[in-house]
Amino acid sequence: MGAIATPVRLYDVSAGGCFINSMYEQKPGVKFVLEMDLPLAGVVTVNAEVLYVKPEFGFAVRFIDLSPETKAVLQRSVDAMLGLPPQ
């Protein structure tokens, strides 16, 4: 089955995961590819796994199989969103 690109809103983004606001049903344990357009970093592609679902609101994911480089890019972007100085 092919993937369908679906725009979503992300909340509580961290270097380890985020919450995805979506009306589409998901089940814990489902793995998928997530493309995020992040400040300073541009588009970052990660593998994600659903942790839990809040019906009619969305679901939380953790990022899995991250390379050290991708994790560093995520952390820099999160720090920038929080207004923290670059490290």
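Rules behind the numbers
Residues numbered from 1 in each chain as written. Predicted model: local features only at pLDDT ≥ 70, side-chain atom pairs only at ≥ 80, totals over all residues. Heavy atoms only, no water. Helix = DSSP H or I, 4+ residues; strand = E, 2+ residues; numbered from the N terminus. Buried < 20%, exposed > 50% of the residue type's maximum accessible area, 1.4 Å probe, protein only. 1 Å grid on protein atoms, 1.4 Å probe; cavity = no way out; pocket = protein on both sides within 12 Å on 5 of 7 lines; lining within 4 Å. Points joined across faces, edges and corners; volume = space filled by probe spheres on them. Nonpolar A, V, L, I, M, F, W, Y, C, P; charged D, E, K, R; others polar. Expected span 1.5 Å × (residues − 1). Pairing = 2+ DSSP bridges. Axes fitted to C-alpha atoms, helices over the stretch in contact; angles between N-to-C directions. Contact = heavy atoms within 4.5 Å. Core = buried A, V, L, I, M, F, W, Y, C linked by side-chain atoms within 4.5 Å.

### Regarding unusual backbone geometry
Positive phi values are uncommon outside glycine, yet Asp12 reaches one of about 50°. Checked against the element boundaries, Asp12 lands in the loop between β1 (9-11) and β2 (17-21). Overall, Asp12 belongs to the exposed group, its relative accessible area being 70%. Within the chain, Glu56 stands out as a residue other than glycine whose phi angle is a positive 65°. Mapped onto the elements of the fold, Glu56 is located in the loop between β4 (42-54) and β5 (58-64).

### As for empty space enclosed by the protein
One pass over the full model with this rule turns up one cavity of 30 Å³ or more. Counted as a void, the largest cavity has a volume near 40 Å³. Forming the walls of the largest cavity are Ser22, Met23, Tyr24, Glu25, Val53, Lys54, Pro55, Glu56, Phe57, Gly58 and Phe59. Listing elements by their share of the lining of the largest cavity, those giving two or more residues are β4 and β5. Considered class by class, the residues forming the lining of the largest cavity number six nonpolar, two polar and three charged.

### Examining helix α1 (residues 68-81)
An ideal rise of 1.5 Å per residue puts 20 Å on 14 residues; α1 measures up with 20 Å between its terminal C-alpha atoms. Every buried residue belonging to α1 is among Leu74, Ser77, Val78 and Asp79, and all of these are buried. Directly beyond the C-terminal end of α1, a positive phi value near 80° is found at Gly83.

### Describing the sheet that holds β2
The five strands lie next to each other as β1-β2-β5-β4-β3, forming an open sheet whose pairing is antiparallel. The sheet is open, and its two edges are formed by β1 and β3 (31-38), each paired on a single side. Put simply, the sheet's adjacent strands are angled 45° from each other on average, direction ignored. Of the pairings in the sheet, the one linking β3 to β4 comprises eight bridges and is antiparallel in character. Looking at β4, one finds that Glu35 is bridged to Thr45. Helix-sheet contacts for α1 involve β3, β4 and β5, and the interaxial angle to β4 is about 80°.

### Some points on the nonpolar core
Within the largest apolar cluster, 16 residues are counted, with the highest numbers of intra-cluster contacts made by Cys18, Leu34, Met36, Val46, Val61, Phe63 and Leu74. If you tally residues by element for this core, the top one is β4, at four residues. Discounting chain neighbours no more than four positions away, the residues touching Leu34 are Cys18, Ile20, Val44, Thr45, Val46, Ala48 and Phe63.

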